[in-house]
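# Per-entry structural report
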Amino acid sequence: MPIVTIQITREGTSPGATAATAEEKAALIHGVSKLLLDVLHKPMDSTFVVIDEVETENWGRGGLPVDRYREQQRAQSSE
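Rules used throughout
Residues numbered from 1 in each chain as written. Predicted model: local features only at pLDDT ≥ 70, side-chain atom pairs only at ≥ 80, totals over all residues. Heavy atoms only, no water. Helix = DSSP H or I, 4+ residues; strand = E, 2+ residues; numbered from the N terminus. Rg over C-alpha atoms; globule rule 2.2 N^0.38 Å. Buried < 20%, exposed > 50% of the residue type's maximum accessible area, 1.4 Å probe, protein only. Contact = heavy atoms within 4.5 Å. Areas by Shrake-Rupley, 256 points an atom, 1.4 Å probe, with all protein chains shown as cover. Pairing = 2+ DSSP bridges. Right-handed = clockwise from strand over helix to strand, strands pointing away. Expected span 1.5 Å × (residues − 1). Arc of directions from axis to C-beta. Salt bridge = Lys/Arg side-chain N within 4 Å of Asp/Glu carboxyl O.

## Some points on the overall build of the protein chain
In terms of helices and strands, the protein chain carries 2 helices and 4 strands. Secondary structure elements of the protein chain, listed N to C terminal, follow the sequence β-α-β-β-β-α. Against the globule reference of 12 Å for 79 residues, the protein chain gives a C-alpha radius of gyration of 16 Å, more extended than a compact globule. In terms of overall dimensions, the protein chain has C-alpha extents of about 50 × 25 × 20 Å along its principal axes. Burial analysis of the protein chain (79 residues in total) assigns 19% to the buried set. At a minimum sequence separation of 6, the contacts of the protein chain that also span at least 24 residues come to 55%. With the model as given, the accessible surface of the protein chain reaches about 5800 Å², and the carbon-plus-sulfur share is 54%.

Following this line, the structure appears as structure tokens:
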């Protein structure tokens, strides 16, 4: 019985969206379950997928909160 946890930041993939859509989450759940079936032969009906959406203020990269990290990356790429 595999259990897969997917962590994503709580922001949408399109302008104005504040979270992944139900359709995007369903696609993630199906895709991960199918991958486990194809690679490890784990039945899809025994695979559990948990999607954890994390506020960007609780997500960090490179020693910085992710929003500040992204600002830094944008500034460096515009130089």
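Having seen the model, we can carry on.
## Quick word on the pairing of strand β2 (residues 48-54)
Judged from the 7 bridges that link them, strand β1 (residues 3-9) and β2 form a sheet pairing that is parallel. Pairing of Q7 across the sheet is with D52, part of β2. Following the chain from β1 across helix α1 (residues 22-40) to the adjacent parallel β2, one finds a crossover that is right-handed.

## Re α1
Look at α1: 27 Å from first C-alpha to last across 19 residues, which is about the 27 Å you get at 1.5 Å a residue. Within the sequence span of α1, burial applies to V32, S33 and L36. Within α1, the buried residues cover an arc of 95 degrees as seen down the axis, which keeps them to one side. Facing away from the buried surface of α1 by more than 90 degrees, the exposed residues are E23, A27, L35 and V39. Residues of α1 that are buried sit in contact with β1 and β2.

## A word on the pattern of salt bridges
All told, the structure shown has 4 salt bridges when counted by the stated rule. Here R10 makes a salt bridge to E55, at a shortest N to O gap of 3.4 Å. Highlighted residues: R10 in the loop between β1 and α1 and E55 in the loop between β2 and β3 (60-61), separated in sequence by 45 residues. A relative accessible area of 37% means that R10 is categorised as partly exposed.

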